[in-house]
There are 2 protein chains.
Amino acid sequence: MLSLTEENYLKAIYHLSDGGTKSVLTNEVADAMSTKPASVTDMVKKLSAKKLITYEKYYGVTITKQGKTDALTIIRKHRLWETFLVQKLNFHWDQVHEVAEQLEHIQSPLLIEKLDELLNFPIADPHGHPIPDKNGKIHTGQQVPLGDIAAKKTVTVLAVNVKESSSFLQYLSKIGVYIGAKLSILDKAEFDGSIEIMIDGKKKVFVSKEASQNILVTP
Amino acid sequence: MLSLTEENYLKAIYHLSDGGTKSVLTNEVADAMSTKPASVTDMVKKLSAKKLITYEKYYGVTITKQGKTDALTIIRKHRLWETFLVQKLNFHWDQVHEVAEQLEHIQSPLLIEKLDELLNFPIADPHGHPIPDKNGKIHTGQQVPLGDIAAKKTVTVLAVNVKESSSFLQYLSKIGVYIGAKLSILDKAEFDGSIEIMIDGKKKVFVSKEASQNILVTP
DNA sequence: TAAAAAATTTAGACGAGTCTAAAAAATTAT
DNA sequence: ATAATTTTTTAGACTCGTCTAAATTTTTTA
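Please read all numbers here as calculations on a predicted model, not as lab measurements.

Residues and elements named next belong to chain B. As summarised here, the arrangement of the six strands in space is 3-8-4-5-6-7, forming an open sheet in which the pairing is antiparallel. In the strand order of this sheet, the two ends are held by strand 3 (144-145) and strand 7 (203-207), each with one partner. Sheet topology note: the strand 4 (residues 154-160)/strand 8 (residues 215-217) ladder contains three bridges and is antiparallel. Bridged to valine 157 within strand 8 is valine 217.

Between chain B and chain A, which share one sequence, the superposing operator has a rotation angle of 180° and an axial displacement of 0.0 Å; the RMSD is 0.1 Å. Within this description, the copies of the chain are treated as partners about a two-fold rotation axis. No C-alpha of chain B lies nearer the rotation axis than that of B:Leu103, which sits 3.8 Å from it. Here 100% of the interface residues in chain B have copies in chain A that are interface residues too; the copies meet face to matching face.

Let us look at the domain arrangement of chain A. Many structure descriptions define interface size as the accessible area lost when the parts assemble. By domain assignment, chain A separates into domain 1 (4-63) and domain 2 (144-217). Put simply, the middle of domain 1 of chain A and the middle of domain 2 of chain A, counted by C-alpha atoms, are 32 Å apart.

Across the boundary between the two partners, chain B contributes 20 residues, which contact 20 residues of chain A. Between chain B and chain A the total buried area reaches about 1,600 Å² when both faces are included, carbon and sulfur atoms providing 75% of it. Considering only the side of chain B, the residues that lose the most area to chain A are B:Leu89, B:Gln102 and B:Lys114, jointly responsible for 30% of the buried surface there. The tally of links between chain B and chain A comes to zero salt bridges. Where chain B meets chain A, there are four residue pairs in polar contact (both at pLDDT 80 or more). Elements with a minimum of two residues in the side of chain B that touches chain A: helix 4 (65-87), helix 5 (97-103) and helix 6 (109-118) of chain B.

Close to DNA strand C lie 22 residues, the nearest being A:Ser3, A:Ser39, A:Lys46, B:Lys45 and B:Tyr55. Sugar and phosphate atoms constitute 78% of the interface atoms of DNA strand C, taking the interface as everything within 4 Å of the protein. Contact between DNA strand C and A:Tyr9: a phosphate oxygen at 3.4 Å from a side-chain N or O atom of the residue. The separation between a phosphate oxygen of DNA strand C and a polar side-chain atom of B:Lys45 is 2.5 Å. With five residues, the top contributor of residues to the surface near DNA strand C is helix 3 (residues 37-49) of chain A.

Grouped together as the largest cluster of nonpolar side chains are 32 residues, with contacts concentrated most on A:Trp81 and B:Trp81. The set of elements that each furnish at least two residues to this core consists of helix 4 (65-87), helix 5 (97-103) and helix 6 (109-118) of chain A together with helix 4, helix 5 and helix 6 of chain B. For B:Trp81, the contacting residues outside a window of four places in its chain are A:Trp81, A:Leu103, B:Ala100, B:Leu103, B:Glu104, B:Leu111, B:Ile112 and B:Leu115.

What follows concerns the pattern of salt bridges. Residue and element names in this part refer to chain B. In the structure shown here, the tally under the stated rule is 14 salt bridges over all chains. The salt bridge partner of lysine 50 is glutamate 6, with a shortest N-O separation of 3.1 Å. Here glutamate 6 lies in helix 1 (residues 4-16) and lysine 50 lies in the loop between helix 3 (37-49) and strand 1 (53-56), a separation of 44 residues in the sequence. With relative accessibility at 37%, the residue lysine 50 sits in the partly exposed group. On the basis of relative accessible area, glutamate 6 is assigned to the buried category, the value being 2%. When the shortest N-O distance is used, the salt bridge between arginine 76 and aspartate 116 registers 3.1 Å. One end of the pair, arginine 76, is in helix 4; the other, aspartate 116, is in helix 6, and 40 residues separate them in sequence. Pair check on accessibility: arginine 76 and aspartate 116 agree, each one buried.

Glancing now at the protein's contact with DNA strand D. Around DNA strand D lies a shell of 21 residues, among which A:Lys45, A:Tyr55, B:Ser3, B:Ser39 and B:Lys46 are the nearest. In this structure, A:Thr26 approaches DNA strand D through a side-chain N or O atom, which is 2.9 Å from a phosphate oxygen. Breaking the surface near DNA strand D down by element, the ones donating at least two residues are helix 2 (26-33) and helix 3 of chain A together with helix 1 and helix 3 of chain B. Across the surface near DNA strand D, the residue classes tally to nine nonpolar, seven polar and five charged.

Scoring rules and cut-offs
Residue positions are given per chain, counted from 1 along the sequence in the order it is written. The naming scheme follows written order: chains are lettered A onward, ligands numbered 1 onward. Thresholds applied to this predicted model are a pLDDT of at least 70 for local features of residues and 80 or more for the giving and counting of side-chain atom pairs; totals over whole chains, interfaces and linings are not thresholded and use all residues. The basis for every side-chain value is the complete set of non-hydrogen atoms in the structure, without hydrogens or water. The pairing criterion is simple: DSSP has to find at least two bridges between the two strands. Secondary structure follows DSSP: runs of H or I at least 4 residues long count as helices, runs of E at least 2 residues long count as strands, and numbering of each begins at the N terminus. What sets the superposition is a least-squares fit of C-alpha atoms, and only residues with pLDDT of at least 70 in both copies go into it. Residue contacts are counted whenever heavy atoms from the two residues lie within 4.5 Å of one another. Segmentation of the chain into domains, including their bounds, is taken from an automatic or database domain assignment. Buried area: the accessible surface (1.4 Å probe) lost by two parts on joining, summed over both. Salt bridges are defined by distance alone: a side-chain nitrogen of Lys or Arg within 4 Å of a carboxyl oxygen of Asp or Glu. In protein, a polar contact requires one atom able to donate a hydrogen and another able to accept it; more generally it is a pair of N or O atoms within 3.5 Å, and residues adjacent in sequence count only if both atoms are side-chain atoms. By convention in this text, a residue qualifies as near a molecule or strand provided that one of its non-hydrogen atoms is within 4 Å of it. To qualify as a nonpolar core, a set must consist of buried Ala, Val, Leu, Ile, Met, Phe, Trp, Tyr and Cys residues joined through side-chain atoms within 4.5 Å. Only protein chains enter the accessibility calculation, which uses a 1.4 Å probe; a residue is then buried when its area is under 20% of its type maximum, exposed when over 50%, and partly exposed in between. Gly counts as polar in this scheme, as do all residues outside two lists: the nonpolar Ala, Val, Leu, Ile, Met, Phe, Trp, Tyr, Cys and Pro, and the charged Asp, Glu, Lys and Arg.

The following block contains the structure:
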């Protein structure tokens, strides 16, 4: 049984390690969790004692098999709740994150099973991120950043990255980008990496390089 | 902003004081919260500093106006979540309490408003307990314990009391008692206070005095 | 109404999670 | 390859909520 804090650290480490692909440094965790490195050192010792990560002094942490499983359970809950908030309670996609951060810690496997059923076993959350199934399995097709697409091509929006702030999502809604939107790349500016796109064949807009890296589309 | 623990103490004090009608002793709180009296003393000092209760050494605590308001918000959330679990997720009425104990602490007024709407502004939870409205107002008709009803009369089940254990609820389901059931009092035994009832004109059963005090019916 | 019993509070300690400041190790730059 | 810098850990302290044991107050009983 993990404490709320342990769950949050584990989730952060999972994300920072790209799902367990790489190891993570103390300072990265401290940044992500908005705490001090000293606090991270304390906590990674605890998670390491519980065999959810392996920790080597001065060299950072790696998530274990069990750690991955536990992290995926939390992520599954988070994304199911986000889906519920949007689909059943009519939240906007920029309003769900904070609430889901709380709801993801509710302990009740039955609740999650029933919620999954109510939502008809969704495979992606409102931001297009895949929802791990009951066994922690993720099925995603390939997703590439909009910025990597060559000019003249047309693609479909599959997902968008959400950091802490919801303002990026509000911006996307405002310019007309949503999951499933068709984007045509009209032009790419060399000097600042910004690109001009046509949304659903109707609306021309410029998006910054930064933004284009956080809109994930079909290859 | 109250901590999870403070919320739980406040709720317990609200219930023990019958909604703020009477004052509550340290030991009663300790029993209800399964903690030691010394811990209660510490906590009531904190709640008193926050003006949610008034505390007089050795004489117990009384809930304040603000304390009542805060407690009712928590109770409202608890009962809305229980209603959600039964109506939308098909939980049984004996499965909802523990999960609602967790869900009641989620902080998001918007969430509760939207949940209320999804459920169509219910006025009672699955056990028949009234759900305080947005302003903390409770509207209940009169409810009396089944044990207080005279023989030969017929009444409707309005609510049932739930203690910690869900076994009473399972028992009620088993014998066929539910919110809205019509009960006819056939006979009352003098020696042990048990009563014989007919449920929905179909099924005769004996219920103990203890049970009959926890089934609330129309007067 | 004084002694015994019960209830309550105080004092001091502990674990969880956090912090600051100082020490230690690793990295980088000269 | 040694010095300077950066990263990380250790040490010690603080808050929250809890506990035990001892002291105090209230209540009961004789």
